[in-house]
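Structure assessment
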Amino acid sequence: MPQEFYYEDFYVGQKFHSLGQAKVTAEEIKEFGTKYDPQPFHLDEAAGENSFFKGLAASGWLTAAIVMRLRVQSITVAGGMIGAGVEEMRWTEPVRPGDSLRTEIEVVGVRQSNSRKEYGVVRTRTLAFNQRDQVVMRSTVNFLAPVRPTT
């Protein structure tokens, strides 16, 4: 079982690399687009060719969901990773069918929670890369991590 991290285990400059990669398929792009972001360039190759993206492109929200999966697979926070806000999310390159995504997460801040003393707030900067090492998404995200219980 992977190490469970508590607030005290996080420090500024700490880095986590995704344990694996996520391969994105045309079917997944279209299915997500149909259900959550029904724009032509997320639904159909031909429509994508005639768009800003010049081809089928994943919704940024699908990319964000894939990055979230890679995040929780790579950092096991005791009790689960509780979201505490997104400060920034930027999509910098389109994600295409066949792309393999990986993440690099850096801890850029840690502090005790003001409202919940049993938690700390961990601020992270995440870069998501495709197989060509292009950054496809960057984000700054905060999450809560429990303070290690005293025994």
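Residues numbered from 1 in each chain as written. Predicted model: local features only at pLDDT ≥ 70, side-chain atom pairs only at ≥ 80, totals over all residues. Heavy atoms only, no water.

Description of helix H4 (residues 60-74)
End to end, H4 covers 21 Å across 15 residues, agreeing with the expected 21 Å (1.5 Å per residue, within 8%). Within the sequence span of H4, burial applies to Gly60, Leu62, Thr63, Ala64, Ile66, Val67, Leu70, Arg71 and Ser74. The opening residue of H4, the one whose side-chain oxygen lies 3.1 Å from the backbone nitrogen of tryptophan 61, is serine 59. (Helix = DSSP H or I, 4+ residues; strand = E, 2+ residues; numbered from the N terminus. Expected span 1.5 Å × (residues − 1). Buried < 20%, exposed > 50% of the residue type's maximum accessible area, 1.4 Å probe, protein only. Polar contact = N/O pair within 3.5 Å; in protein donor to acceptor, adjacent residues only side chain to side chain.)

Points about the pairing of strand E6 (residues 135-146)
Within E6, eleven of the twelve residues are buried, which leaves it mostly tucked inside the rest of the structure. Bridge analysis of strand E3 (residues 82-91) against E6 gives seven bridges, and the strand direction is antiparallel. For isoleucine 82, the partnering residue across the bridge sits in E6 and is leucine 144. Pairing of strand E5 (residues 119-129) with E6 involves eleven bridges; the strand directions are antiparallel. Bridge pairing in E6 places arginine 123 opposite asparagine 142. (Pairing = 2+ DSSP bridges.)

Let's talk about the packing of aromatic side chains
The tally for this structure, following the rule as stated, stands at eight aromatic pairs. These aromatic residues form a ring-pair network of at least three members: Phe5, Phe10, Phe16 and Phe143. Geometry around phenylalanine 129 places arginine 102 over its ring, the cationic atom sitting 4.3 Å from the centre. (Phe/Tyr/Trp six-rings, centres within 6.5 Å; stacked < 30°, edge-to-face > 60°. Lys NZ or Arg CZ within 6 Å of the ring centre and 35° of its normal.)

Structural notes on the UniProt feature "domain: MaoC-like" (unreviewed entry) in the protein
Under the feature "domain: MaoC-like" (unreviewed entry), the UniProt entry names residues 12-119. Split by type, residues 12-119 is 32% helix and 27% strand. Its first and last C-alpha atoms lie 17 Å apart. (UniProt positions renumbered as here; feature names shortened; annotations may be inferred.)

Things to note about the packing of helix H1 (residues 26-36) against H4
Where H1 meets H4, the closest approach of the two axes is 9 Å, and the angle between their N-to-C directions is 115°. Taken together, the axes of H1 and H4 lie roughly perpendicular to each other. The interaxial crossing formed by H1 with H4 has right-handed handedness. Along the contact surface, H1 presents Glu28, Ile29 and Phe32, while H4 presents Trp61, Leu62 and Ile66. (Axes fitted to C-alpha atoms, helices over the stretch in contact; angles between N-to-C directions. Parallel < 35°, antiparallel > 145°, perpendicular 65-115°, else oblique. Left-handed = near helix turned anticlockwise from the far one by under 90°. Contact = heavy atoms within 4.5 Å.)

What about the pattern of salt bridges?
Taken as a whole and assessed by the stated rule, the structure comprises seven salt bridges. The closest approach of N and O atoms between arginine 123 and glutamate 87, which form a salt bridge, is 2.9 Å. Here glutamate 87 lies in strand E3 and arginine 123 lies in strand E5, a separation of 36 residues in the sequence. Overall, glutamate 87 belongs to the partly exposed group, its relative accessible area being 45%. The shortest N-O distance in the salt bridge between arginine 132 and aspartate 99 comes to 3.8 Å. Pair noted here: arginine 132 is in the loop between E5 and E6 and aspartate 99 is in the loop between E3 and strand E4 (100-112), with a separation of 33 residues, a long-range link. (Salt bridge = Lys/Arg side-chain N within 4 Å of Asp/Glu carboxyl O.)

Describing the side chain of threonine 140
Note that threonine 140 resides in strand E6. Accessibility expressed as a relative area gives 4% for threonine 140, which makes it buried. Not counting residues up to four positions away in its chain, the partners in contact with threonine 140 are Val86, Glu87, Glu88, Arg123, Thr124 and Arg125.

Comments concerning H1
The complete set of buried residues in H1 reads Ala26, Ile29, Phe32 and Gly33. All buried residues of H1 project into a common sector of 140° when viewed along the axis, lining one side. Away from the buried face of H1 by more than 90 degrees, exposed residues Glu27, Glu31, Thr34 and Lys35 are located. (Arc of directions from axis to C-beta.)

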